[in-house]
Amino acid sequence: MPCFRESIKKVSESSGTNLVLALDIPGRDPQALLRRCIQVLDDVAPYICAVKINKPLVLSLSLKGGVSKILDYAHNLGLMTIMDEKLNDVSHINLDVAEHYFEAGFDALIANPFVGWDGGLNSIFSLAKRTCKGVLLLVYMSHGGAAEGYGQTVIDPETGEAKPQYVIFAEEALAWNADGAIVGATRPDNVRAVRNILRGRIPIYSPGVIAQGGDPSVAVSAGANYIIVGRAIYESVSPRDSAFSLRERIAKISRSDRNI
Ligand code: BMP
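Residues numbered from 1 in each chain as written. Predicted model: local features only at pLDDT ≥ 70, side-chain atom pairs only at ≥ 80, totals over all residues. Heavy atoms only, no water.

(A) Fine view of the layout of surface pockets. Approximately 350 Å³ is the volume found for the second largest pocket. Together, 22 residues line the second largest pocket, and Lys52, Pro207, Gly208, Gln212 and Ile228 are the ones closest to its centre. Sorting the residues of the lining of the second largest pocket by element identifies strand 2 (50–54), strand 3 (80–87), strand 10 (226–229) and helix 9 (231–234) as the ones contributing at least two each. The dominant element in the lining of the second largest pocket, judged by the number of residues it contributes, is helix 9, at three residues. Class assignment of the residues belonging to the lining of the second largest pocket gives a composition of twelve nonpolar, five polar and five charged. (1 Å grid on protein atoms, 1.4 Å probe; cavity = no way out; pocket = protein on both sides within 12 Å on 5 of 7 lines; lining within 4 Å. Points joined across faces, edges and corners; volume = space filled by probe spheres on them. Helix = DSSP H or I, 4+ residues; strand = E, 2+ residues; numbered from the N terminus. Nonpolar A, V, L, I, M, F, W, Y, C, P; charged D, E, K, R; others polar.)

(B) Broad picture of the nonpolar core. With 92 residues, the main nonpolar core has Leu23, Ile70 and Tyr205 as its most contacted residues. The element best represented in this core is helix 3 (residues 55–76), accounting for eight residues. Not counting residues up to four positions away in its chain, the partners in contact with tyrosine 205 are Phe4, Ile8, Val20, Ile82, Leu136, Asp179, Gly180, Ala181, Ile182, Val183, Tyr226 and Ile228. (Core = buried A, V, L, I, M, F, W, Y, C linked by side-chain atoms within 4.5 Å. Buried < 20%, exposed > 50% of the residue type's maximum accessible area, 1.4 Å probe, protein only. Contact = heavy atoms within 4.5 Å.)

(C) Structural context of the pairing of strand 2. With five of five residues buried, strand 2 lies mostly within the body of the structure. Of the two faces of strand 2, the one lined by Ala50, Lys52 and Asn54 and the one lined by Val51 and Ile53 are each fully buried. Direction of pairing for strand 1 (residues 19–22) relative to strand 2: parallel, over a ladder of three bridges. Looking across to strand 2, one finds that valine 20 is bridged to alanine 50. In terms of handedness, the path from strand 1 via helix 2 (residues 30–44) over to strand 2 forms a crossover that is right-handed. The pairing of strand 2 with strand 3 spans five bridges and is classified as parallel. Within strand 3, the residue paired with lysine 52 across the bridge is isoleucine 82. Taken together, strand 2, helix 3 and strand 3 constitute a β-α-β crossover, and its handedness is right-handed. (Pairing = 2+ DSSP bridges. Right-handed = clockwise from strand over helix to strand, strands pointing away.)

Taken by themselves, the reported measurements are silent on function.
Structure below.
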């Protein structure tokens with residue numbers, strides 16, 4: 001059975017789209033919210049390869065309630081599912097949290113490498129490898145303040161060399177065999193730098209397009225393999241039309257890249 005990294009690649013190739021929908025629709029009425037989520041999913045399913053769920057939706061719908069229904073619905077549409085937990089605790093807590101999400105049906109989750117390997121993320125990487133799930137690492141976040149952490153220059157604990165923090169995270173993504181590296185589409189130069197470190201061995205996921213100012217075409221040209229997009233789709237008058245045109249815009253770039 002192919003594991004997360006291969007499965008999402010297959011779905012993306014067969015449906016001709018690398019869009020990951022960030023299903024961050026806000027709402028306090030669980031039934032109305034669930035209906036809206038399913039409606040948006042239905043509308044945009046042909047134009048996305050995966051759906052990413054964030055903590056507000058889990059808090060609003062509950063993991064075993066509405067979120068499980070969305071996961072089943074997405075899987076029945078042939079889509080992959082990612083939990084955006086940005087996991088960031090000590091090992092046994094990370095493990096417990098990851099088990100909850102994987103048991104609920106998520107195919108992958110997002111973790112924060114700031115917490116480190118030993119006594120940090122080691123537990124979830126071994127769980128994911130055992131159970132064929134995915135772990136995506138934040139390598140350089142999309143918002144301005146990310147420069148304060150991901151962009152700072154630090155001394156590499158392995159080599160004693162001064163390096164940008166995100167470069168160390170990209171190298172760790174390789175060393176830990178992560179299933180994806182997240183780099184903001186708002187930072188195409190950093191996407192390019194990470195691509196040069198990963199060299200196609202680990203895919204790059206780029207959030208931060210349109211609503212945060214990133215250009216999906218520029219991010220793809222710089223090396224992003226998947227584009228994560230939320231508000232530009234679910235807040236638009238027609239989520240279906242917006243997803244379709246985003247997919248077309250990106251496909252053109254992917255095609256012209258292949259022609260180079
Ligand atoms: P939007 O396209 O509406 O800006 O949403 C972006 C999504 O990607 C949100 O779910 C956010 O939590 C997530 N995200 C991000 O914006 N930047 C990052 O660096 C990492 C993320 O996971």
